[in-house]
Amino acid sequence: SVTGVGLEITYDGGSGKDVVVLTPAPGGPAEKAGARAGDVIVTVDGTAVKGLSLYDVSDLLQGEADSQVEVVLHAPGAPSNTRTLQLTRQKVTINPVTFTTCSNVAAAALPPGAAKQQLGYVRLATFNSNTTAAAQQAFTELSKQGVAGLVLDIRNNGGGLFPAGVNVARMLVDRGDLVLIADSQGIRDIYSADGNSIDSATPLVVLVNRGTASASEVLAGALKDSKRGLIAGERTFGKGLIQTVVDLSDGSGVAVTVARYQTPAGVDINKIGVSPDVQLDPEVLPTDLEGVCRVLGSDAAPRLFG
């Protein structure tokens with residue numbers, strides 16, 4: 001948890017050093033006010049942030065609980081169309097895994113030939129020290145129920161602990177490579193499935209958007225290249241670098257890129273991302289459990305399984 005507005009930020013990757021929203025924390029002040037992944041932050045309380053370090057911008061965004069902060073931002077590619085968010089800082093706690101069973105799902109959203117009108121929905125908000133155990137519980141319970149399909153939602157999941165992403169992939173893939181790690185000399189390490197999956201057969205669709213980054217992209221790439229499930233949404237963020245921090249004598253440090261993540265097919269994630277199999281408006285489904293089931297059971301249910 002952290003006291004602030006609930007924004008994970010990064011640079012846009014261009015030479016201009018724009019600060020962009022990687023992902024808004026679900027239920028946080030910024031998401032409730034309309035901040036979206038990819039938005040460019042212009043000012044925080046009147047201070048222009050372009051060119052500032054991410055740490056300086058974070059300091060501007062964080063503060064005492066219940067204090068106010070003004071954030072001006074614009075959508076990607078629309079610098080003249082700014083909007084101002086008046087936000088109240090609060091303690092933001094992220095629950096890494098939530099899940100439910102949606103019943104009476106519309107036929108359009110079901111896998112072809114489904115015998116049941118039930119889908120299991122699992123949302124992974126981040127990869128932290130609690131994600132593995134919570135995801136294991138979710139997939140185990142849904143597997144026991146025998147749902148017709150699984151919807152794994154990693155929209156706006158900016159990553160986190162790489163091992164947790166690999167562990168989740170191993171819950172869904174029984175055999176084969178999951179991620180390659182390559183340095184300047186070529187592939188130096190391979191992470192593979194261990195044959196102890198929880199559910200490697202139930203039809204699966206993975207929801208992604210441009211806020212899906214890092215360990216989330218590793219997971220999406222593993223599931224796509226292994227043919228375990230369909231990727232639905234829009235191209236992911238493209239954050240696939242592995243870095244180490246070298247401490248300097250004056251107390252500062254240098255972050256050095258030492259390797260890159262690649263999907264099992266050898267695709268370099270960095271600045272490329274994972275492309276979807278099914279193009280889907282990332283806003284077509286909400287992220288709260290009740291809202292997801294409501295849409296999946298309505299005439300507005302999207303076609304998820306191709």
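This text follows the structure it describes.
All values reported here derive from a predicted model rather than from experimental measurement.

Glancing now at the overall build of the protein chain. The helix and strand tally for the protein chain stands at six helices and 18 strands. The globule rule puts the C-alpha radius of gyration for 306 residues at 19 Å, and the 20 Å found for the protein chain is close to it. For the protein chain, the spread of C-alpha atoms along the three principal axes comes to 60 × 50 × 30 Å. Of the accessible surface of the protein chain, which amounts to about 14000 Å², a share of 47% is contributed by carbon and sulfur atoms. Looking at charge distribution, the protein chain has the averaged site of its 24 positive side-chain charges lying 5 Å from that of its 31 negative ones.

This next bit is on the pattern of salt bridges. Per the counting criterion, the structure on display carries nine salt bridges. Two residues, R36 and E283, come together in a salt bridge whose shortest N-O distance is 3.9 Å. Residue R36 is found in the loop between helix 1 (29-33) and strand 4 (40-44), and its partner E283 is found in the loop between strand 18 (278-279) and helix 6 (289-296); the two are separated by 247 residues along the sequence. Taken together, the shared-partner salt bridges connect R123, D153 and R155 into one network.

Let's shift gears to the sheet that holds strand 12 (residues 177-183). Here four strands make up an open sheet; going across it, the order is 13-12-17-16 and the pairing antiparallel. The outermost strands of the open sheet, each flanked by one partner alone, are strand 13 (186-192) and strand 16 (241-247). Ignoring strand direction, the axes of neighbouring strands in this sheet form an average angle of 30 degrees. The sheet contacts of helix 4 (residues 162-172) involve strand 12, strand 13 and strand 17 (253-262), and relative to strand 12 the element is tilted by about 150 degrees.

What follows covers the state of the cysteines. Tallying each qualifying case throughout the model produces one disulfide. One disulfide bridge connects C102 with C293, the sulfur atoms lying 2.0 Å from each other. Taking the torsion about the S-S bond as the criterion, the C102 to C293 disulfide, at about -80 degrees, is left-handed. One end of the pair, C102, is in strand 9 (residues 97-102); the other, C293, is in helix 6, and 191 residues separate them in sequence. You'll find C102 and C293 in the same group, each marked buried.

To continue, consider the packing of aromatic side chains. What describes a pair of aromatic rings is the distance from one ring centre to the other and the angle between the planes of the rings. Throughout the structure, instances matching the rule amount to two aromatic pairs. Their ring planes at 80 degrees and their centres at 5.1 Å tell us that F162 and Y191 sit as a pair that is edge-to-face. Residue F162 is found in helix 4, and its partner Y191 is found in strand 13; the two are separated by 29 residues along the sequence. For F162, a relative accessible area of 12% translates into the label buried. A centroid spacing of 4.9 Å and a plane angle of 20 degrees characterise the contact between F162 and Y261, whose relative ring orientation is stacked. Of this pair, F162 sits in helix 4 while Y261 sits in strand 17, placing them 99 residues apart in sequence. Overall, the relative accessible area of 8% leaves Y261 in the buried class.

What follows covers the pairing of strand 17. As judged from the three bridges shared by strand 12 and strand 17, these two strands associate in the antiparallel manner. Within the sheet, the bridge partner assigned to L180 lies in strand 17 and is Q262. One ladder, built from seven bridges, connects strand 16 with strand 17; its direction is antiparallel. Within the sheet, the bridge partner assigned to D247 lies in strand 17 and is G253. Remark: five residues form the turn of the hairpin made by strand 16 and strand 17, two consecutive strands paired antiparallel; G251 in that turn has positive phi of roughly 95 degrees.

Rules behind the numbers
- Residues numbered from 1 in each chain as written.
- Predicted model: local features only at pLDDT ≥ 70, side-chain atom pairs only at ≥ 80, totals over all residues.
- Heavy atoms only, no water.
- Helix = DSSP H or I, 4+ residues; strand = E, 2+ residues; numbered from the N terminus.
- Rg over C-alpha atoms; globule rule 2.2 N^0.38 Å.
- Areas by Shrake-Rupley, 256 points an atom, 1.4 Å probe, with all protein chains shown as cover.
- Lys, Arg positive; Asp, Glu negative; His and termini not counted.
- Charge placed at Lys NZ, Arg CZ, Asp CG, Glu CD.
- Salt bridge = Lys/Arg side-chain N within 4 Å of Asp/Glu carboxyl O.
- Pairing = 2+ DSSP bridges.
- Axes fitted to C-alpha atoms, helices over the stretch in contact; angles between N-to-C directions.
- Contact = heavy atoms within 4.5 Å.
- Disulfide = S-S within 2.5 Å.
- Buried < 20%, exposed > 50% of the residue type's maximum accessible area, 1.4 Å probe, protein only.
- Phe/Tyr/Trp six-rings, centres within 6.5 Å; stacked < 30°, edge-to-face > 60°.

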